[in-house]
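Listed here are the chains, written in short residue letters.
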Amino acid sequence: MLQPKKSKYRKQFRGKMGGISSAANSVDFGEYGLQSKECGWVTDRQLESARRVITGHIKRRGKVWLRVFPDKPFTKKPNDVKMGKGKGDIEGYVAVVRPGRVLFELGGVIESIAREAFRLASHKLPIKTRIIKKTEI
């Protein structure tokens, strides 16, 4: 799964999820993109599952760009543990996604294949998404 090689601090605060994305909000590398419409956390497993669906559907014809990286650790305490005694252990990593952020880009395939690949990938993600072209904003 995707995770950072090293980080300065092992655990992070949960943080805020308000506002719209100011970075990576347009298609820069490919011709088509999958853009988020709402905010949320996308785990490394969800991103990998969506990426595998896209690459499987295009059958290695085009090129896929992953525009987000899960670098935020989230923690979880085990079941049946009393309150207190510090923060839990790291459970996994998430990418904080805000509205307007492009998650995936696709190039080198026709539009119908790209739309179907992104439709299948959007079912793997916990947030609402839309498909955009390079000419759109």
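The coordinates are above.
Quick summary incoming for the structure in this document.

Definitions and limits used
- Residues numbered from 1 in each chain as written.
- Predicted model: local features only at pLDDT ≥ 70, side-chain atom pairs only at ≥ 80, totals over all residues.
- Heavy atoms only, no water.
- Helix = DSSP H or I, 4+ residues; strand = E, 2+ residues; numbered from the N terminus.
- Expected span 1.5 Å × (residues − 1).
- Buried < 20%, exposed > 50% of the residue type's maximum accessible area, 1.4 Å probe, protein only.
- Arc of directions from axis to C-beta.
- Core = buried A, V, L, I, M, F, W, Y, C linked by side-chain atoms within 4.5 Å.
- Pairing = 2+ DSSP bridges.
- Axes fitted to C-alpha atoms, helices over the stretch in contact; angles between N-to-C directions.
- Contact = heavy atoms within 4.5 Å.
- Salt bridge = Lys/Arg side-chain N within 4 Å of Asp/Glu carboxyl O.

## What about helix H2 (residues 111-122)?
Over its 12 residues, H2 runs 16 Å from end to end, which matches the ideal 16 Å to within 8%, given 1.5 Å per residue. When we look at burial in H2, the residues that qualify are Ile-113, Ala-114, Ala-117, Phe-118 and Ala-121. For H2, the arc enclosing every buried residue in end-on projection is 125 degrees, short of the 170-degree limit, so these residues lie on one face.

## Quick word on the nonpolar core
With 21 residues, the main nonpolar core has Ile-54, Leu-103, Phe-104, Leu-106 and Phe-118 as its most contacted residues. Per-element tally for this core: the top contributor is H2, with five residues.

## A short note on the pairing of strand S5 (residues 89-97)
Two faces, one strand: in a regular strand the side chains alternate between the faces of the sheet. With four bridges joining them, strand S2 (residues 40-43) and S5 adopt antiparallel strand pairing. Looking across to S5, one finds that Gly-40 is bridged to Val-97.

## Description of helix H1 (residues 44-58)
With 15 residues, H1 extends 21 Å between its outermost C-alpha atoms, agreeing within 8% with the 21 Å of an ideal straight helix rising 1.5 Å per residue. Looking one or two residues past H1, Lys-59 carries a phi angle of roughly 55 degrees, positive in sign.

## Re the sheet that holds S2
Strand order in this open sheet of three strands is S2-S5-S4, and the pairing throughout is antiparallel. A strand with exactly one partner marks an edge of an open sheet, and here the two such strands are S2 and strand S4 (72-76). When strand polarity is set aside, the average angle formed by the axes of neighbouring strands in this sheet is 50 degrees. Strand contacts of H1: S2 and S5, with the helix running at about 65 degrees to S2, the strand carrying the most contacts.

## Describing the side chain of Ser-21
Inspection of the secondary structure puts Ser-21 in the segment before strand S1 (32-36). According to the relative accessible area criterion, Ser-21 is buried, its value standing at 11%. Leave out the neighbours within four places in its chain, and Ser-21 touches Arg-98, Pro-99, Gly-100 and Arg-101.

## Looking at the pattern of salt bridges
Where charged atoms of side chains with opposite charge meet at close range, the side chains can pair. Here the structure, examined in full by the defined rule, presents six salt bridges. Taking the shortest distance from any N to any O, the salt bridge between Arg-67 and Glu-105 comes out at 2.2 Å. With Arg-67 in the loop between strand S3 (63-66) and S4 and Glu-105 in strand S6 (residues 102-107), this residue pair connects regions lying 38 residues apart in the sequence. Among the ionic pairs, Glu-111 bridges to Arg-115, the shortest N-O distance being 3.1 Å. Placement of both Glu-111 and Arg-115 in helix H2 is noted, with a separation of four residues, approximately one turn of the helix. A relative accessible area of 27% places Glu-111 in the partly exposed class. Put simply, Asp-28, Arg-67 and Glu-105 are held in one network by salt bridges that share partners.

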